[in-house]
Structure formats: structure tokens, C-alpha cells
Amino acid sequence: MNQNSYEIERKYLIRRPAAAWLEANCQGSDIIQTYLKAEAPGHSDRVRRRAGKNGVVYTHTVKRRISDLRREEQEREISEAEYRALLQRADPERRVIEKRRYVLDYGGKDFEIDVYPFWQDKAVMEIELTDETETVKLPPEIEIIKEVTRDRRYTNAALAKAIPAD
């Protein structure tokens with residue numbers, strides 16, 4: 001199934017919640033994300049393997065930044081064979097991103113908390129919005145270090161190249 005849409009999100013660098021709290025309050029899945037050599041300038045091209053309680057899903061996603069908050073996104077589910085074939089286009093300048101994603105339902109919204117093996121004390125939390133002016137009510141259990149929506153160093157594509165020191 002092809003899905004073309006706009007992605008509008010806010011992103012936060014947070015203190016890493018305790019694993020027991022995340023497992024008790026969120027739905028978790030393991031993600032392996034590989035960036036491909038982009039076929040067009042200004043585009044981000046990736047494949048993802050996501051394993052959760054409902055099995056394994058493979059996706060191919062192409063994104064193009066429109067503004068700090070909005071990106072055009074084309075995403076489709078693919079077979080394992082197509083996933084493996086696309087891995088042949090892996091960008092050698094980017095590491096594979098492995099993370100545990102937790103989805104926290106708070107205030108009728110899904111907050112995605114990504115826990116990476118390269119940080120012991122931090123994580124990244126994202127919330128998708130319906131429009132760029134939507135007000136975000138943050139979960140009180142989450143300690144926000146800072147908003148990083150406009151800081152491109154915290155995109156997964158950038159983290160595949162370098163980990164910010166702050």
C-alpha cells in the first residue's frame with residue numbers, strides 16, 4: 001500500500017525514562033533503519049524493519065523537507081525480499097540506526113519515544129500533529145531537556161552520520 005502524505009511533527013530531547021516504566025506504559029517495537037543513497041537531491045530515502053508484538057513489517061520511505069515542521073512523505077510496505085534488495089543501495093556514509101521505539105498514548109495522541117543504544121541518559125520523543133499551529137500537551141512523566149524540532153542534528157538521517165555531543 002502506498003501512502004503519500006505530509007508529516008508534521010515536533011521533536012524533543014528527553015531524559016531517558018526507566019525501562020520498566022516504558023515497558024509498563026507503552027507499546028514497544030524494535031526498529032532497524034538503513035538509509036539509502038538518495039536518488040534525488042534534498043530527499044531522504046530509507047528502509048525499515050520493525051518488529052513488534054504483531055510480527056515484522058518492512059517499509060520503504062522517501063521524505064522531502066518542506067519546512068522545519070513539515071515534510072512530504074511517501075511510504076509503502078514492502079516484502080522482506082524487496083527490503084533485502086534495497087539494502088544493496090545502503091549509504092556507506094551513514095550507520096544503520098537501531099532503536100527501541102515506545103508509543104505512549106497521552107491526551108489522545110501517540111508520543112513516540114525512541115531509545116538508542118548510543119545514549120544511556122537521553123532519548124528522543126516525537127509527536128505528529130494535524131497542523132503546524134497545533135498546541136502540544138506534553139506527558140508530565142517525561143522530563144524534557146529541550147525541543148529539537150528545528151535542530152536537524154536530531155533527525156534519524158543526521159544521527160546516522162554523527163551523534164550530537166550536547
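The structure under discussion appears in the preceding block.
Chemist: Describe the overall build of the chain, and please don't skip the residues or the numbers.
Modeler: When its secondary structure is counted, the chain shows three helices and nine strands. When the helices and strands of the chain are listed from N to C terminus, the series reads β-α-β-β-β-β-α-β-β-β-β-α. For the chain, the spread of C-alpha atoms along the principal axes amounts to about 40 × 35 × 35 Å. Out of the 166 residues in the chain, the part that is buried amounts to 41%. Accessible surface, the chain: about 9,100 Å² in total, of which carbon and sulfur atoms supply 46%. Looking at charge distribution, the chain has the averaged site of its 31 positive side-chain charges lying 3 Å from that of its 31 negative ones.

Chemist: If you had to explain the layout of surface pockets to someone new, which residues and values would you point to?
Modeler: By volume, the largest pocket is sized at about 900 Å³. Taken together, 38 residues line the largest pocket, and the ones lying closest to its centre are Glu7, Arg46, Thr61, Lys63 and Glu73. The set of elements that each furnish at least two residues to the lining of the largest pocket consists of strand S1 (2–15), strand S3 (43–52), strand S4 (55–65), strand S5 (70–78), strand S8 (122–128) and helix H3 (156–159). Looking at which element gives the most residues to the lining of the largest pocket, the answer is S4, with seven residues. Across the lining of the largest pocket, the residue classes break down as eight nonpolar, nine polar and 21 charged.

Chemist: I'd like a rundown of the packing of aromatic side chains, residues and numbers included.
Modeler: The tally for this structure, following the rule as stated, stands at six aromatic pairs. Connected via pairs of aromatic rings, a cluster forms that spans Tyr116, Phe118, Trp119 and Tyr154.

Chemist: Got a sec to walk through the pairing of S3? Specific residues and values, please.
Modeler: Moving residue by residue along a regular strand, the side chains alternate between the two faces of the sheet. The sheet contact formed by strand S2 (residues 27–35) and S3 spans six bridges and is antiparallel. Across the sheet, residue aspartate 30 finds its bridge partner in S3, namely alanine 51. For S3 and S4, the ladder comprises 10 bridges, and the chain directions are antiparallel. Along S4, the bridge assignment pairs arginine 46 with threonine 61. Hairpin connection, S3 to S4: the antiparallel pair is bridged by two residues.

Procedures and definitions
Residues numbered from 1 in each chain as written. Predicted model: local features only at pLDDT ≥ 70, side-chain atom pairs only at ≥ 80, totals over all residues. Heavy atoms only, no water. Helix = DSSP H or I, 4+ residues; strand = E, 2+ residues; numbered from the N terminus. Buried < 20%, exposed > 50% of the residue type's maximum accessible area, 1.4 Å probe, protein only. Areas by Shrake-Rupley, 256 points an atom, 1.4 Å probe, with all protein chains shown as cover. Lys, Arg positive; Asp, Glu negative; His and termini not counted. Charge placed at Lys NZ, Arg CZ, Asp CG, Glu CD. 1 Å grid on protein atoms, 1.4 Å probe; cavity = no way out; pocket = protein on both sides within 12 Å on 5 of 7 lines; lining within 4 Å. Points joined across faces, edges and corners; volume = space filled by probe spheres on them. Nonpolar A, V, L, I, M, F, W, Y, C, P; charged D, E, K, R; others polar. Phe/Tyr/Trp six-rings, centres within 6.5 Å; stacked < 30°, edge-to-face > 60°. Pairing = 2+ DSSP bridges.

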